Amino acid sequence: MPGIFVTGTDTGVGKTRVAVALIEALKAQGLRVVGMKPVAAGCDEVAGEWLNEDVARLRAAANVAAPMAWVNPYRFPEPIAPHIAAARQNTRIELAPIVAAYRELERLADCVVVEGAGGFRVPLNEAEDSADLAVALGLPMVLVVGLRLGCLNHALLSAEAIAARGLTLAGWVANGIDPIMALRAENVRALRERIAAPCLAEWPWLEKNAGEVTSAMLDLGPILPRFVRR
Ligand SMILES: Nc1ncnc2c1ncn2[C@@H]1O[C@H](COP(=O)(O)OP(=O)(O)OP(=O)(O)O)[C@@H](O)[C@H]1O
Ligand SMILES: C[C@H](N)[C@H](N)CCCCCC(=O)O
Ligand SMILES: [Mg+2]
């Protein structure tokens, strides 16, 4: 059964929010959904274990329980570039165990929502990057665009790179991460005119206490057929 790979124009652009919203929206369709964060850099120590906040949020949103080793095969304490974080722990991130963990999750659920680390070309080891992981998993992509000055270039480069790898951009989300961005609507329009894939959501800047996103905040319509059993 299929999954979806959530990437972004950068780190800190709202990928986890979108991944959680996708999980919520897919659950609302009656599907069994699990999240996956293959590589997480930046952990808190909880009861002697390293725990990453994104991983905790994806697990909390899922309606399928899965072992931590499958949901998050690689975790590193420092919130830094993953290949550097791995090297500093004398580890090398390998794609094969991630793909194997994904296959296990695929067996458990109707849909696996995978959140990448940072943007599409973030290195994972000296030779491979997040784009190679997306290709190895062969998943359709959702691109989260963090709306701020500079995002037009980052979004169009990301969309081009996704296409260049032969991957499908299933949709994108315009996420208002800058509360005082000038002419936000005009910028979103510029992206709508240039990105062929559907815009699944346009989110304003949300106050810290606005709570978690809900399934209602995402238009799953254009990508739902990918998640319905034939
Ligand atoms: N629409 C929004 N309005 C206000 N704040 C937002 C919005 N979207 C995301 N944020 C905030 O921006 C920060 C980054 O969001 P998030 O953690 O989802 O990004 P990310 O792309 O998953 O980052 P990472 O690369 O670390 O996984 C968080 O503090 C989040 O609450
Ligand atoms: C620590 C952070 N929140 C992410 N997990 C990793 C972001 C890596 C970005 C690397 C880069 O593009 O320069
Ligand atoms: Mg995240």
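Predicted model only: the values in this text are computed from it and were never measured. (Residues numbered from 1 in each chain as written. Chains lettered and ligands numbered in written order. Predicted model: local features only at pLDDT ≥ 70, side-chain atom pairs only at ≥ 80, totals over all residues. Heavy atoms only, no water.)

A. Expanded view of the pairing of strand β1 (residues 3–8). Extensive coverage of β1 is indicated by the burial of six of its six residues. The two faces of β1 match: Gly3, Phe5 and Thr7 on one face and Ile4, Val6 and Gly8 on the other face are all buried. Bridge count between β1 and strand β7 (residues 111–115): four bridges; the pairing is parallel. Across the sheet, residue Gly3 finds its bridge partner in β7, namely Val112. (Buried < 20%, exposed > 50% of the residue type's maximum accessible area, 1.4 Å probe, protein only. Helix = DSSP H or I, 4+ residues; strand = E, 2+ residues; numbered from the N terminus. Pairing = 2+ DSSP bridges.)

B. Representation of the site of ligand 1. Around ligand 1 lies a shell of 17 residues, among which Thr11, Lys15, Thr16, Asn175 and Leu206 are the nearest. In the environment of ligand 1, an oxygen atom lies 3.0 Å from a nitrogen or oxygen atom belonging to the backbone of Gly14. Within the backbone of Arg17, one N or O atom sits 3.4 Å away from an oxygen atom of ligand 1. Protein coverage of the free-state accessible area of ligand 1, which is 630 Å², stands at 77%. (Near = heavy atom within 4 Å. Polar contact = N/O pair within 3.5 Å; in protein donor to acceptor, adjacent residues only side chain to side chain. Areas by Shrake-Rupley, 256 points an atom, 1.4 Å probe, with all protein chains shown as cover.)

C. Local environment of the site of ligand 2. In the region of ligand 2, the neighbouring residues are Thr11, Ala41, Pro79, Ile80, Pro82 and Val122. Contacts to ligand 2 include Thr11, whose side-chain N or O atom sits 3.4 Å from a nitrogen atom. One of the backbone nitrogen or oxygen atoms of Ala41 is found 3.5 Å away from a nitrogen atom of ligand 2. Burial of ligand 2 by the protein chains amounts to 62% of its free accessible area of 390 Å². Counted by class, the shell around ligand 2 contains five nonpolar, one polar and no charged residues. (Nonpolar A, V, L, I, M, F, W, Y, C, P; charged D, E, K, R; others polar.)

D. Expanded view of the UniProt feature "binding site: ATP" (unreviewed entry) in the chain. In the numbering adopted here, UniProt assigns the feature "binding site: ATP" (unreviewed entry) to Asp54, Glu115, Gly116, Ala117, Gly118, Pro204, Trp205 and Leu206. These residues run over 153 residues, and the two farthest C-alpha atoms among them are 23.1 Å apart, placing them at more than one spot. Within the fold, Pro204 resides in the segment after β10 (199–203). The class for Pro204 is partly exposed, based on a relative accessible area of 40%. Excluding its chain neighbours within four sequence positions, the residues that come into contact with Pro204 are Gly176 and Arg184. One can find Trp205 in the segment after β10. (UniProt positions renumbered as here; feature names shortened; annotations may be inferred. Contact = heavy atoms within 4.5 Å.)

E. Summary view of the packing of helix α5 (residues 95–108) against helix α6 (residues 130–137). Interaxial distance between α5 and α6 falls to 10 Å at its minimum, and their mutual angle equals 40 degrees. Taken together, the axes of α5 and α6 lie oblique to each other. Considering how the two elements wind past one another, α5 and α6 form a crossing that is right-handed. Along the contact surface, α5 presents Leu95, Ile98, Val99, Tyr102 and Arg103, while α6 presents Asp132, Leu133, Ala136 and Leu137. Broken down by class, the residue content of the contact of α5 with α6 amounts to seven nonpolar, no polar and two charged. (Axes fitted to C-alpha atoms, helices over the stretch in contact; angles between N-to-C directions. Parallel < 35°, antiparallel > 145°, perpendicular 65-115°, else oblique. Left-handed = near helix turned anticlockwise from the far one by under 90°.)

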